[in-house]
Amino acid sequence: MTNKTKLVLIGNGMAGVQTLEHIIKLAPEKFDVTIFGKEPHPNYNRIQLSYVLEGSKTMEDIILNDYAWYEERGIRLVVGDEVVAIDTERKTVRTAAGLEASYDVAILATGSKPFRLPIPGAELPGVIGFREIADCEAMMDAAKRYRSAAVIGGGLLGLEAARGLQQLGMDVTVVHLMDRLMERQLDAPAAGMLRRELERRGLNVMTGRKTEAVLGEERVAGLRFADGSTLAADLVVMAAGIVPNAELAKASGIETGRGIRVDDFLRTSAEGVYAVGECVEHRGVTYGLVAPLYEQGAVLAKHLCGAETEGYIGSVTSTKLKISGMDVFSAGEFLDAEDTESIVVKDPFKNTYKKVVLRDGRVVGGVLFGDASLSTQLTKWSKAQAALTPEMHGELVGGGGCCGGGAAKGTGVAAMADDDIVCGCAGVTKGTIVGGIREQGWASVEQIKACTNATRSCGGCKPMVEELLKLTLGASYDGAGAAPAGICGCTTMGRDEIVAAIREKRLTHVREAMAVLGWSQPEGCSKCRPALNYYIGMLWPEDADDDDASRFVNERLHANIQKDGTFSVIPRIYGGVTTAKELKKIAEVAEKYEVPMVKFTGGQRLDLLGVKKEDLPAVWAELDMPSGYGYGKSLRTVKTCVGSTFCRFGTQDSMGMGIALEKKFERLNMPAKFKMAVNGCPRNCAESGTKDLGIVGNDGGWEIYVGGNGGIKLRGADLLCKVKTDEELIEISGAFIQYYRETGKYLERTSDWVERIGLDAVRAAVVDDVEGRKALNERVEQALAQLEDPWKRVVDSETLQETLFDKVHS
Amino acid sequence: MLAKEEGGGALLVEIGELSAFPERMGRRVRAKDTELAVFRLSDGRMFALENRHPNAKKHPGSLAEGIVSGEFLYDPLYDWKIRLTDGVVQAPDEGRVRTFPLVVKDGKVYAAGE
């Protein structure tokens, strides 16, 4: 221990901890580390506070390093205490609570604080900044009690705060000193488009307003402007810029300007003391964005560990506004100057704007609004000051301008060089990611995130990482990031090869299949075993030896596991049509077993959430209803509208048909979950357009839609065909389901499947080929004949209850 | 539940009949104050983990319902890969789950406490 270098990190935020992560990677044993953090939290992702405010993420989601991370690395972490003095002679630091620590190396990563306008009333309760978790909490709390908010500052931070408050239900006005929003990142046309878009979303925007005073007695009541006008507000957020936290350094005799002055190796004026992040001033510049901080951190880590580095020379910054559904991006020099020229593409129809600024024919920066798919290229070109080529010009002018080219264009990762940065936050290159996919077998965004930190900070590079996965893995990448469909690291065989082999060799058990087909890991993994079990069951409905141990927990236990280890129970309610008696029974069971939550599902069913595992068999026995398969890769629900039974517009008996279809096809194993809907008229109240199989009734019969999805990837269903009679409808539904079962990859939803094999191929097999359709129906009938209700099976078997449901003996 | 002294002084707690532990499918079992996830591999060996996710602060979870392959467990909620012999989480994730020694004697399974 004693021969280690003592490192004290002052500040437990993103810049400091990222630097430390680099250091640990380069020299895991070199330093004995102590961290002091003022906020009472582990290191979290400050950039994503706006997501927390907006509600799309929780505080927990944005923790970057939990307490265990520090513990496992032997790092001493002191939170909720602040370093108040550095003795650069004795090389010690002292905290507010009186702790002392000596250092060989000290890193100041004290960050910045919101700039508080020096105006009367600025200290009133209800006036806050937007910087820390505590600010976020204050805003969420205010939103519950108050109606109106004013945000001073129409920059990145201010707009994100404003949008978040709006999302929390407040009436929000952004007050900006300048005559246009985000003037430090956007030129006038883009700023104008941004303003119109924000106003369209209900945000009030005031520009050219100088705030002179905060009004109010005991609490903030409003603002007064230089022109004498006022604005009422119950909450005021000051987001008019940030100020580096340099007081500690200054008080300790370290040289400061606007921030703590550092050289190219992040050295301050005091020997052994370094600084990194928003608190520093480097070559006269301070930064308030994440990428430069990470670049500084990487240089500092190398310097401290004795690795070679050319030093930090400053950053070309790029900015992305993190408001859901709004693409706003700028990089480098984005304003026109006397010695620059620009290429501008403005499309008022699609509401997009692109501008690339050139000096002597070289790219020095630009702005993107409405379509930021060129953001990587623009950053790259600006950094390299690349000379504009006809190809680049084509990408700029052509990209996004025409329709249908979307898939081919993607995010442009194919054209990137190996050392181009994909994740600007963590500094991860294309080469690193592609290398990992090829050599380490990374197969999902999550895995790449865990191994490289790419996508972990702002998440803006996720589409590019996905593109790289697609590009490198080709057809075996399934897009949802769940599993490479049909294959895994245990085999080199693809889905079709495996299915053909199971058929030819008549394999009827998962273990047998893995042995015969030469699996590299003899007992497979969580990806291939459930897939094999499905393929075997699909091919040999009568002879397959279903392997419970190869099913995911939900399908093995016939209930949906929740994050706390309890389960949810959804009984079958055919067509979503129930009775008072049935509801009473469900209510009684919920009470008796103290079910903490009863909820309607999106598919018109009742969900009992929080059931203990050992209670499941008894709950099922007392419900005495069939399993609703809310957990299964099988028919989930048939959603129905009221139809001709009650509705004055209804032309068909949608409830009757929905119930018939649900009864017919329930319990059938499928490649993935399968949702249906039946509507009595084209008003489509049961939403056929987002179902795997959606049926719409009209006066003359039924329309059948397929491949819709309302989940991860929104896709409207395609019209497969129209039929006149109920019999035809059932026959085509059966053929469609069986064709999907036989040709789908395990875990592939019909939305992806239809796109992969083509609607025409599906129509040919299911509609046009009458003989084939009959054969498909015979095979689906054969599979249906084998099925029984899984809940009943468990209720009838003491052994199953004991082995699978941990029934406890007295 | 029985508790008896074994050689070496470790306290053994009976957690059930051997036949109640199916191959490759875990069970939740209480041993004194700890909930265990007990697994029987296809080669007959048995292991017990503390039935909490290795990153329990973030994911409360349960491990007993995972998929067992050889001497590895794939966690049922987040698909982390955990070695049953020593509880070590495999890359790209990291961490470690507490393990508990098991003893099989006369058709009964016992967990050793501290």
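Residues numbered from 1 in each chain as written. Chains lettered and ligands numbered in written order. Predicted model: local features only at pLDDT ≥ 70, side-chain atom pairs only at ≥ 80, totals over all residues. Heavy atoms only, no water.

An unreviewed UniProt entry lists chain B under the name Nitrite reductase, with Paenibacillus antri as the source organism.

By the naming in an unreviewed UniProt entry, chain A goes by NAD(P)/FAD-dependent oxidoreductase and is assigned to Paenibacillus antri. Quoted straight from UniProt, the Pathway (unreviewed entry) entry for chain A says "Nitrogen metabolism; nitrate reduction (assimilation)." Recorded in UniProt under Sequence similarities (unreviewed entry), the annotation for chain A is "Belongs to the nitrite and sulfite reductase 4Fe-4S domain family." (UniProt positions renumbered as here; feature names shortened; annotations may be inferred.)

## Describing the interface of chain A and chain B
The interface is formed by 39 residues belonging to chain A together with 32 residues belonging to chain B. Of the roughly 2,800 Å² buried between chain A and chain B on both sides combined, carbon and sulfur atoms contribute 47%. Broken down residue by residue, the surface that chain A buries against chain B is led by Glu-523, Lys-563 and Thr-803 of chain A, which jointly contribute 18%. Counting across the chain A and chain B interface gives 6 salt bridges. A salt bridge links Glu-23 of chain B to Arg-511 of chain A; the shortest N-O distance between them is 3.9 Å. One can count 17 residue pairs in polar contact (both at pLDDT 80 or more) joining chain A with chain B. (Contact = heavy atoms within 4.5 Å. Buried area = accessible area lost by both parts, 1.4 Å probe. Salt bridge = Lys/Arg side-chain N within 4 Å of Asp/Glu carboxyl O. Polar contact = N/O pair within 3.5 Å; in protein donor to acceptor, adjacent residues only side chain to side chain.)

## Structural notes on a negative patch on the surface
The grouping of Asp-653, Asp-726, Glu-727 and Glu-728 of chain A at the surface amounts to a negative patch. You can call Asp-653 of chain A partly exposed: its relative accessible area is 37%. (Patch = residues over 30% accessible without salt bridge, like charges linked within 9 Å, V, L, I, M, F, W, Y side chains within 5 Å. Areas by Shrake-Rupley, 256 points an atom, 1.4 Å probe, with all protein chains shown as cover. Lys, Arg positive; Asp, Glu negative; His and termini not counted. Charge placed at Lys NZ, Arg CZ, Asp CG, Glu CD. Buried < 20%, exposed > 50% of the residue type's maximum accessible area, 1.4 Å probe, protein only.)

## Considering unusual backbone geometry
All names here are of chain A. The backbone of Leu-266 sits at a positive phi, close to 65°, despite the residue not being glycine. Residue class for Leu-266 comes out buried when judged on its relative accessible area of 0%. Of note, the phi angle at Tyr-629 is positive, near 55°, even though the residue is not glycine. Mapping Tyr-629 onto the fold places it in the loop between α20 (616-623) and β34 (635-640). (Helix = DSSP H or I, 4+ residues; strand = E, 2+ residues; numbered from the N terminus.)

## Describing the pairing of β34 of chain A
Residue and element names in this part refer to chain A. Of all 6 residues that make up β34, 6 are buried, and the element is covered over most of its length. As judged from the 4 bridges shared by β34 and strand β35 (residues 674-679), these two strands associate in the parallel manner. Residue pairing in the sheet places Leu-635 in a bridge with Phe-674 of β35. Between the parallel elements β34 and β35, the chain passes through helix α21 (residues 654-665) in a crossover that is left-handed. (Pairing = 2+ DSSP bridges. Right-handed = clockwise from strand over helix to strand, strands pointing away.)

## Brief notes about helix α14 (residues 462-473) of chain A
All names here are of chain A. In this model α14 runs 16 Å from its N-terminal to its C-terminal C-alpha over 12 residues, within 8% of the 16 Å that 1.5 Å per residue would give. Of all the residues in α14, the buried ones are Met-464, Val-465, Glu-467, Leu-468 and Leu-469. Buried positions along α14 lie against α9 (375-384), β28 (421-423), α12 (430-440) and α13 (445-452). Downstream of α14 by one or two residues, Gly-474 has phi in the positive range, about 65°. (Expected span 1.5 Å × (residues − 1).)

## Re the nonpolar core
Residue and element names in this part refer to chain A. Grouped together as the largest cluster of nonpolar side chains are 49 residues, with contacts concentrated most on Ile-86, Val-93, Ile-107, Leu-108 and Leu-304. Here this core takes 6 residues from helix α8 (residues 290-305), the largest share from any one element. Ignoring sequence-local partners within four residues, the contact set of Ile-107 consists of Leu-7, Val-8, Leu-9, Ile-10, Thr-19, Ile-23, Tyr-274, Val-276, Leu-300 and Leu-304. Within the second largest apolar cluster, 43 residues are counted, among which are Ala-162, Val-172, Val-174 and Leu-186. (Core = buried A, V, L, I, M, F, W, Y, C linked by side-chain atoms within 4.5 Å.)

## Things to note about empty space enclosed by the protein
All names here are of chain A. Following the criterion strictly, the structure yields 6 cavities of 30 Å³ or more and no others. The calculated volume of the largest cavity comes to roughly 100 Å³. Taken together, 14 residues line the largest cavity, and the ones lying closest to its centre are Gln-18, Leu-64, Tyr-294, Arg-456 and Ser-457. If you list the elements that add at least two residues to the lining of the largest cavity, you get α1 (14-26) and β4 (63-65). In terms of residues, the lining of the largest cavity owes the most to one element, α1, which gives 4 residues. For the lining of the largest cavity, the residue count by class is 7 nonpolar, 5 polar and 2 charged. (1 Å grid on protein atoms, 1.4 Å probe; cavity = no way out; pocket = protein on both sides within 12 Å on 5 of 7 lines; lining within 4 Å. Points joined across faces, edges and corners; volume = space filled by probe spheres on them. Nonpolar A, V, L, I, M, F, W, Y, C, P; charged D, E, K, R; others polar.)

## Focus: the packing of helix α19 (residues 580-592) of chain A against α20 of chain A
All names here are of chain A. The geometry of α19 relative to α20 is characterised by a closest axis approach of 9 Å and an angle of 155° between their N-to-C directions. If you check the angle between α19 and α20, you find them roughly antiparallel. The element α19 and its partner α20 pack so that their crossing is right-handed. On the side of α19, the interface is formed by Lys-585, Ile-586, Val-589 and Lys-592, while α20 contributes Val-619, Glu-622 and Leu-623. Broken down by class, the residue content of the contact of α19 with α20 amounts to 4 nonpolar, no polar and 3 charged. (Axes fitted to C-alpha atoms, helices over the stretch in contact; angles between N-to-C directions. Parallel < 35°, antiparallel > 145°, perpendicular 65-115°, else oblique. Left-handed = near helix turned anticlockwise from the far one by under 90°.)

## Describing the environment of Leu-720 of chain A
Residues and elements named next belong to chain A. Among the secondary structure elements, Leu-720 is positioned in strand β38 (residues 718-723). Judged by its relative accessible area of 2%, Leu-720 falls in the buried class. When the C-alpha atoms of Leu-720 and Phe-736 are compared, they prove to be 9.8 Å apart, with 16 residues separating the residues in sequence.

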